[in-house]
Every structure is written in structure tokens, then in C-alpha cells.
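Inside the fold
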Amino acid sequence: MAKPPPPLWLLAEVTHSCPLQCPYCSNPLNLIPKKDELDTEGWLRVLHQARQLGAAQLGFSGGEPLVRKDLEILIGEARKLGYYSNLITSGVGMDAARVERFRELGLDHIQVSFQADDAVLNDYLAGTDAFQHKLDMARAVKANGYPMVLCFVIHRQNSHRVSQMLDLAVELQADYVELATTQFEGWALLNRDHLLPTLEQVREAERVAHEYQAKLKGKMRIYYVVPDYYENRPKACVGGWGRVFLAVAPDGVALPCHAARDLPGLALHNVRDHELEWIWNESPAFNQFRGEDWMKEPCRTCDEREKDFGGCHCQAFKLTGDPTNADPTCAKSPHHQVITQAIDSSRLGVGTSKPLVFRQRQKSNSPNLFPT
Ligand code: FES
């Protein structure tokens, strides 16, 4: 088999600990406990090996990466190795001085996520009082010369407030805003009846996003992606399995996508036992869905297979029971009715009488999550 191209993008999921409890979290239901996390040396090895392999972009994510006390060490090393590094954070667990320190250490980019534009809804969804602190941290990020990058995760509970979210982004002088529609993995899939927006909500959010895109052209870039449930064609999940994306979970398991550990029969390997080079190039898990040999109809003969690579295998497994099926968000999939049924249920509000399940909160290392 020809050697695959190198990964471009390393996602270091340094912890699953998080002070928030968002019900749309894409982390797995079985969160990795703190005691099983890679230590500092382990993460430094990961950064070195992935860079040697060719990775150029590095995302620190979680959970909440700020709860790792060694984050500064990892950021400093990432700079020395020449990564373009990005911190994906709720902002909870840092203060203005820590942002300044990140800047000095060479962190390139900070993306602050909000649950909503107003304190009540934001803090309800976060499961904790975080809104004011997030505002302060967004301002601290901007004050330190970073481009202001905001992310709002959009779903049924907040989709009606997209214009207010964009007004807040204007107030905070954001340069980029991602209106990230919820991907139904992990806790989000568990809560799908509460989170899947209706078609009317999707259309309205799209209309508002386009209105602001036109109004703020040249000042702020707004990204809004229609949820794949409403697209009729699947997205090329993680840019295609084993093509550009490499994630390492908190316990050191290397993953072709962040949800891959839920796939049955996939022999995943740990960076504690194997070099990343072998895992990326040779391991059966990373080769499982490379190329087209695994494809069945309709993917095998589809003229869009080089664009979407069959879509999301984890979604295919969770919704159809077989990861080699076409992603059922594709209208050509023989299982597409699982999507249309979910959309119908959402329109009718079926399932919303069950309680929303908030992500379980895990203890962090940080003694003070809201430093002043
Ligand atoms: Fe695993 Fe999409 S999340 S392939």
C-alpha cells in the first residue's frame, strides 16, 4: 500500500475535564478520567512525533484544555517546533495574565466559545455561571493582539438568537465568528431531540447569517454551515479518514476522528506503546477507511465519492449500525429515512418531554476556575 500523505492537523485533546456541562458536548459519554491522562512528557512526545510526521497545525482542545497546568509548557514547545497553534476554549480557567503569558509563549490563536449571547441562556446551557467571565476573556484575547475568534454552537435552544449573537460579536470587535451547528456525536446525540433545529430555524439562521455577512463585509468574517441533517449530502468528515486529521485522546489513544473509539472492532493504538509514525502510516485503524475498497453502494459508484469520502463513519454506525454504510445524511443512502424521521420528530417536538442531559462535570486540576 502506498504511504499516505502526512497529517496536516493534530488535535491534542489534552483532557476531558471541563468545568462546564454543555448538553451538546461532542466528547464521548465515557469520559476519560484524569488519572488516565498522558502526563507532560507524554504530550511533549506527541507534539514532537506529529511534527516529525508533518503536522503543521495544532489544536489544543478537550474538555477544557485550560485545566491542564502544563498547558504553558506544551504551548512553548509547540512554538519551538514550528506549529501554528490554536487554543479551543470556553475561556473558563484563564485570566488576563494567562492570556498574556500564552502570547509571550507563542500561541498563535485563541478561539473562545459562547453558549449564547445572553447570560441567562448561556449559563443555563453551560451549567454554570460563566458568561461574564467569557466576555472578560474575549476582551483580554483582543487586548493581547490576537484576532478575535468567537464560536457559538447553534442548536434548537439558541438558534432564534443568531442576530443577537452577531450583535455581541460586533460589540466585542470580533474578526471571525463561527456559527457552528451542533454535530450529533457524544452528548449531543443523546440530547438530539432537544437540540436538532427545525427546518424553519435552519432557514432563518441562514438568512440572518447572510444578512450580517453582507452588512459586515470586510470587517468581520462569519461562517455558518447548514447542519448536515439538512444538506442531503454528507460532509467530508475530518477531511476524509486518515487523510489530514490526527487526534490524540487524553489517555494517549490516537484517533482518525474524535469519535472513532466508539466504532466496533477498530483496533486503536496508544502513543504510549507505538510511534505516531507507525500509527498513522501502518496501523489497521488508520487504514480502515482510506481509499475506496471499503465502500459499498451507493458510495462505490457515486461521482461525489472523492469529495465526501462516504461522509461520517461514526454517524453511519450510530444511526445505521454499520460504519461501512454511506452516511445516512446522504439522500442517496438507503437509510436516509433515519434522518428524515429525526427531522420530523424535531418539527413535532417529539422526545422533548425527556429531560435534557447535561454533560457530567469532571474535577479539574485548577483550584480556581474563575481567576480574577
Ligand atoms: Fe468519526 Fe466522522 S466523527 S468519521
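Conventions and cut-offs
- Residues numbered from 1 in each chain as written.
- Predicted model: local features only at pLDDT ≥ 70, side-chain atom pairs only at ≥ 80, totals over all residues.
- Heavy atoms only, no water.
- UniProt positions renumbered as here; feature names shortened; annotations may be inferred.
- Phe/Tyr/Trp six-rings, centres within 6.5 Å; stacked < 30°, edge-to-face > 60°.
- Lys NZ or Arg CZ within 6 Å of the ring centre and 35° of its normal.
- Helix = DSSP H or I, 4+ residues; strand = E, 2+ residues; numbered from the N terminus.
- Expected span 1.5 Å × (residues − 1).
- Buried < 20%, exposed > 50% of the residue type's maximum accessible area, 1.4 Å probe, protein only.
- Contact = heavy atoms within 4.5 Å.
- Patch = residues over 30% accessible without salt bridge, like charges linked within 9 Å, V, L, I, M, F, W, Y side chains within 5 Å.
- Areas by Shrake-Rupley, 256 points an atom, 1.4 Å probe, with all protein chains shown as cover.
- Salt bridge = Lys/Arg side-chain N within 4 Å of Asp/Glu carboxyl O.
- Pairing = 2+ DSSP bridges.
- Right-handed = clockwise from strand over helix to strand, strands pointing away.

Looking up the protein chain in an unreviewed UniProt entry gives the name PqqA peptide cyclase, with the organism given as Thiothrix winogradskyi. Comment text from UniProt for the protein chain, heading Pathway (unreviewed entry), reads "Cofactor biosynthesis; pyrroloquinoline quinone biosynthesis." Taken from UniProt, the Function (unreviewed entry) comment for the protein chain reads in full: "Catalyzes the cross-linking of a glutamate residue and a tyrosine residue in the PqqA protein as part of the biosynthesis of pyrroloquinoline quinone (PQQ)."

What follows deals with the packing of aromatic side chains. Throughout the structure, instances matching the rule amount to eight aromatic pairs. Lying across the ring of Tyr146, Arg103 places its NZ or CZ 4.3 Å from the centre. In this arrangement the basic side chain of Lys215 is found over the ring face of Tyr212, its NZ or CZ atom lying 3.9 Å from the centre.

Over its 13 residues, helix α5 (residues 131–143) extends 18 Å from the first C-alpha to the last, a length consistent with the 18 Å expected when each residue adds 1.5 Å. Buried within α5 we find Phe131, His133, Lys134, Leu135, Met137, Ala138, Ala140 and Val141. Its buried side turned inward, α5 meets α3 (96–105), β4 (109–114), α4 (119–126), β5 (149–154) and α6 (162–171). Phi for Gly145, located one or two positions after α5, is positive at around 85 degrees.

The next point concerns the UniProt feature "binding site: [4Fe-4S] cluster" (unreviewed entry) in the protein chain. When the UniProt feature table is mapped onto this chain, "binding site: [4Fe-4S] cluster" (unreviewed entry) is found at Cys18, Cys22 and Cys25. Examined against the element boundaries, Cys22 turns out to sit in the loop between β1 (9–13) and α1 (40–53). Residue Cys22 is classed as buried on the basis of its relative accessible area of 10%. Apart from the residues lying within four places of it in its own chain, the contact partners of Cys22 are Gln115, Leu125, Ala126 and Arg359.

On to the UniProt feature "domain: Radical SAM core" (unreviewed entry) in the protein chain, then. The UniProt record marks residues 4–219 with the feature "domain: Radical SAM core" (unreviewed entry), using the residue numbering of this structure. A distance of 39 Å separates the end C-alpha atoms of residues 4–219, which is 43% helix and 16% strand.

Attention now goes to the environment of Ala143. The residue Ala143 is located in helix α5 in this model. Between the C-alpha atoms of Ala143 and Val226, which are 83 residues apart in sequence, the distance is 32 Å.

Before going further, it helps to examine a nonpolar patch on the surface. Side chains of Leu29, Leu190 and Val357 sit close together on the surface and give an oily, nonpolar patch of about 210 Å² of accessible area. On the secondary structure map, Leu190 appears in helix α7 (residues 186–190). Residue Leu190 is classed as partly exposed on the basis of its relative accessible area, which comes to 39%.

Further remarks concern the pairing of β4. When you tally the buried positions in β4, you get six out of six residues, the bulk of the element. Burial of the side chains of β4 extends over both faces: His109, Gln111 and Ser113 are buried on one face and Ile110, Val112 and Phe114 on the other. Inspection of the sheet shows strand β3 (residues 84–89) paired to β4 by four bridges, in the parallel sense. Paired with Thr89 across the two strands is Val112, which belongs to β4. In this view, the connection linking β3 to its parallel neighbour β4 by way of α3 has right-handed handedness. As paired strands, β4 and β5 are joined by four bridges and run parallel to one another. Across the sheet, the residue bridging to Val112 is Leu150, located in β5.

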